Amino acid sequence: MISAADATPKEGAWHGLPFWHGRLGRGKNWAAPHLVAEADSEARPGFSSCSADEWEDTPEVLAVKAVTLARLLRQSSYTVAYTGAGISTAAGIKDYASRASDSKVKALISAQGGEDTPLEEGLHAEPTECHRILTSFYKRKLLAHWVQQNHDGLPQKAGLPQEAINEIHGSWFDPSNPVVQFRAELRGDLFAWLLDAEIRAQLVIAVGTSLCDTPSTADRLVVTAAARAAETPATALGAVVVGLQRTRLDQRVQLRVFAEADRFFDLVAKALRDPVPLPSAAAQSHWAEEHLAEGSTEVGSLLYLTAGPSEGRAVRVARLQDGHVELDCGLRLGSWWLSAAPHSARFPLSATARARPARSRRAMEAARLIELPVRANTSPPATFLTGGWCGDAVLLDSRRSEHPTAQPDRAQDLRWVLSAVSVGEASLEIIGAGFTTWPAANVLDSSGGKVWFTIRGNYCAEGGTIQLTMTWEAGSGSQPTSEISETPGPQNQIHGRVWFDDRRGSLVLAGQWQDQQGHSGAILMTQAQDSCRPFPNASANLWEGTVDGHQQSWVLAMDADSCPSAFGAARLGPDGNPPHGLHLLRGIVQSTEEDAMTVVLREGVGPGSGQRELRVVKTDDSFSMVSAGEGGVHLQHAATYVPTDAAAELSGSYSHSRGGIVHVTVEADEVVLQNSQAKSSQKSPAGTACQNGQIRLHKQLGRRAPCGRIDWSNGSVWTPLYHKARKKAAREVRQKKVVRGY
């Protein structure tokens, strides 16, 4: 056995000088780990990995580290487990990174008869001690979330609810989430969930993963947690890495443990005095069989996938085996989906037919529409752009190298929040922020791995034209900050048009994009409906006021039911840093009440700030945002329209900007429109006239200004007319003033 102090590192096989215990071990007299298996290659060749050598802490040091992790678990309010292949080797499932001839991991696999285990046998593997203990942590509320890189379903077999686990790289037991290869597209909602966990996590525990920065960039969970703890230790506990092999992040994490996962977490459980309950597989199958007997999924039933790359595909139930539902497409539904029902996770199958999306084709078609001529004064006002947007970008230029695994017409998912900011008396600027859920797509950014960006530009309502600049973060969130350049990230220029699509019932932004290397493509974005309760009209909007005494404008998307639940951008004033720039805002909606909402922004809130807890308070007609306790945030909701919640509020007469007078009356369950220039009236259901505070009549979207004026998505404006008696009285007053003037 070789001591780490005596070991000579292989040239090029690792990153930096060795530090064996993490930041919490610095200054402590802990013995170095021992080399227990030597390898001649890297763990993951071609990626940012270290040597495949295996190391173990001494029993004394391991016991101290177990007590340390137990303490961190008690302190953390939101702990995330991030597990790789190494957690399942004790169940007989082969990993990728164990290359030493005398590897302890290979011995564990062989002991389970799994060295050459085919997939079919892996489906029947049982959870390890570590799976059981982490599940018990979840049940004791010591673990809030589990991000799983494996596909084996062992956490669920150990009793973890499906809604608590993010199987980011796919699953053998979720037909809507098939296993993905390197650089292939992850499910967008799962990657967004990963970003949400990254923002929320106080403590991340990485188990059995080489942390070699694969194209999925899921390692950002560990990188961000470690960096946040180093910068703001008062509000973050950092990252813990457990495994036998060194990783590129060993010197950056707060606690580094060299041990087999089962052995170490058994010590942690004892330090917590934690029982380790495990429901038997037989009990789970019995529950599932009872549920299936009710006819929910019978053999031969026709079902449809609800998510993933084959969303909308029709499949049939082929057979039932061990409580699992086998489908004719070769995929299967794990028994826990049924035994845990109902739960908050999206169910993979539906008995209702679903349309199959054609994202890239829609984006390419929309790019051609911006070249069509547009009538003047038919585009929505700039204030209509405020809100959340979602859509796709595609690559049309063939000069860029082909993506290793994706189709050439791949579509990169995007999510935005935009708002208009006044600049001077008659000028409006568009600001915003966003993220992608497929950073490895290399469509908009050829380097890949970048997720977040700011948006800035301008909009001309006369032709509906829009010019935007997307500026990406300088580096990937899965790389340590010291390796990231301080220069601004790459940019994309977007030229497009905005109009109201009555078929979709929402605003559409379509256009063409170009990067700094001359590559180009198409983009198609659709405005999302604002439905965050109890703040439907403030959840994606502009806020203006002061932050630490500096004038600022913020645009924020806030929705407690989405992931991430809060993000946006701050437009810094002259005293900000950088001057006149945009600063990314990322955070969470922590809680919602009837008249208040708590938002925690964890990263980059104004100059020099790392985290703020904000209180959004609902007043009679508006909203305000202030720092919890004594803070420097005082922002007011910059309302672009007055919410209209009842059709009766529309009653009255209006002057139409395109000529004539419009009379609106509400009769029973109908809204009746009569135009003085038209011979017939139009009727619309009153029940659908007002949705999410906005007006929807005759396939058009309307917003009511504070003065009562209604702006429409086709560019027209209705100005309210007062009652004849009021008009007569006002005319008499004016006449008296004229007489007195003589």
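Remember, predicted model here, so these are calculated numbers, not experimental data.

Here we come to the packing of aromatic side chains. Summed over the entire model, instances satisfying the criterion amount to 11 aromatic pairs. Aromatic pair tryptophan 20 and tryptophan 55: ring centres 4.8 Å apart, planes at 45°, arrangement tilted. Here tryptophan 20, found in the loop between strand 1 (2-3) and strand 2 (34-37), pairs with tryptophan 55, found in strand 3 (residues 54-56); they are 35 residues apart in sequence, far enough to count as distant. Residue tryptophan 55 is classed as buried on the basis of its relative accessible area, which comes to 2%. Through pairs of rings, three or more aromatic residues link up here, namely Trp20, Trp55 and Phe258. A cation over a ring is seen here: arginine 256 above phenylalanine 258, with NZ or CZ 4.0 Å from the ring centre. Positioned above the aromatic ring of phenylalanine 384 is the side chain of arginine 703, whose terminal nitrogen or guanidinium carbon lies 5.2 Å from the ring centre.

Moving on to the environment of alanine 406. Turning to its location among the elements, alanine 406 is positioned in the loop between strand 15 (387-395) and strand 16 (411-423). Taking the relative accessible area as the measure of exposure, alanine 406 reaches 17% and is therefore buried. Linking alanine 406 and arginine 183, residues 223 residues apart in sequence, is a C-alpha distance of 7.5 Å.

Taken in spatial order, the 6 strands line up as 6-5-4-7-8-9 in an open sheet, and their pairing is parallel. The open sheet terminates on both sides in strands that have one partner only, identified here as strand 6 (165-167) and strand 9 (255-257). Taking the axes of each pair of neighbouring strands and ignoring which way they run, one obtains an average angle of 15° across the sheet. With 3 bridges joining them, strand 8 (residues 238-242) and strand 9 adopt parallel strand pairing. Note that in strand 9 the partner of valine 241 across the bridge is arginine 256. With respect to the sheet, helix 7 (residues 220-231) is in contact with strand 4 (79-83), strand 5 (145-148), strand 7 (203-207) and strand 8, its orientation differing from that of strand 8 by roughly 130°. Of the strands in this sheet, strand 7, strand 8 and strand 9 are in contact with helix 8 (residues 261-271), which crosses strand 7 at around 145°.

Right, let's talk about the pattern of salt bridges for a bit. Applying the stated rule across the entire model yields 19 salt bridges. Here the residues in one salt-bridge network are Asp174, Arg187 and Asp189, joined through shared partners.

All right, on to the nonpolar core then. If you look at the biggest cluster of nonpolar residues, it comprises 44 residues, and the most contacted ones within it are Tyr82, Val222 and Trp452. Sort the elements by how many residues they give to this core and helix 6 (residues 188-200) lands first, with 7 residues. Discounting residues that sit within four places of it in the chain, valine 222 has contacts with Tyr82, Val204, Ala206, Leu211, Ala239, Val241, Leu249 and Val253.

Taking 1.5 Å as the rise per residue, helix 6 with 13 residues should run 18 Å; its terminal C-alpha atoms sit 19 Å apart, in good agreement. With 11 of its 13 residues buried, helix 6 lies for the most part within the structure.

With that settled, the discussion passes to unusual backbone geometry. For the bond from cysteine 563 to proline 564, the omega torsion is -15°, close enough to zero to count as cis. Along the chain, proline 564 falls in the loop between strand 24 (550-558) and strand 25 (566-572). Its identity as a non-glycine residue notwithstanding, leucine 211 has a phi of 50°, on the positive side. For leucine 211, a relative accessible area of 0% gives the class buried. Even without being glycine, aspartate 213 reaches a positive phi, approximately 60°. Structurally, the position occupied by aspartate 213 is in the loop between strand 7 and helix 7. Under the relative-accessibility criterion, aspartate 213 is labelled buried at 18%.

Moving on, we come to the confidence of the model for the chain. Parts of the model with low pLDDT should not have their predicted coordinates read in detail. Considering every residue of the chain, the mean pLDDT works out to 82; 79% of them sit at 70 or more. Counting interchain partners and residues more than four positions distant, the pLDDT-below-50 stretch residues 97-101 has 22 contacts. Within the model, pLDDT remains below 50 along residues 278-295, and this stretch shows 26 contacts once partners closer than five positions in the same chain are excluded.

Analysis parameters
- Residues numbered from 1 in each chain as written.
- Predicted model: local features only at pLDDT ≥ 70, side-chain atom pairs only at ≥ 80, totals over all residues.
- Heavy atoms only, no water.
- Phe/Tyr/Trp six-rings, centres within 6.5 Å; stacked < 30°, edge-to-face > 60°.
- Helix = DSSP H or I, 4+ residues; strand = E, 2+ residues; numbered from the N terminus.
- Buried < 20%, exposed > 50% of the residue type's maximum accessible area, 1.4 Å probe, protein only.
- Lys NZ or Arg CZ within 6 Å of the ring centre and 35° of its normal.
- Pairing = 2+ DSSP bridges.
- Axes fitted to C-alpha atoms, helices over the stretch in contact; angles between N-to-C directions.
- Contact = heavy atoms within 4.5 Å.
- Salt bridge = Lys/Arg side-chain N within 4 Å of Asp/Glu carboxyl O.
- Core = buried A, V, L, I, M, F, W, Y, C linked by side-chain atoms within 4.5 Å.
- Expected span 1.5 Å × (residues − 1).
- pLDDT = per-residue confidence, 0-100.

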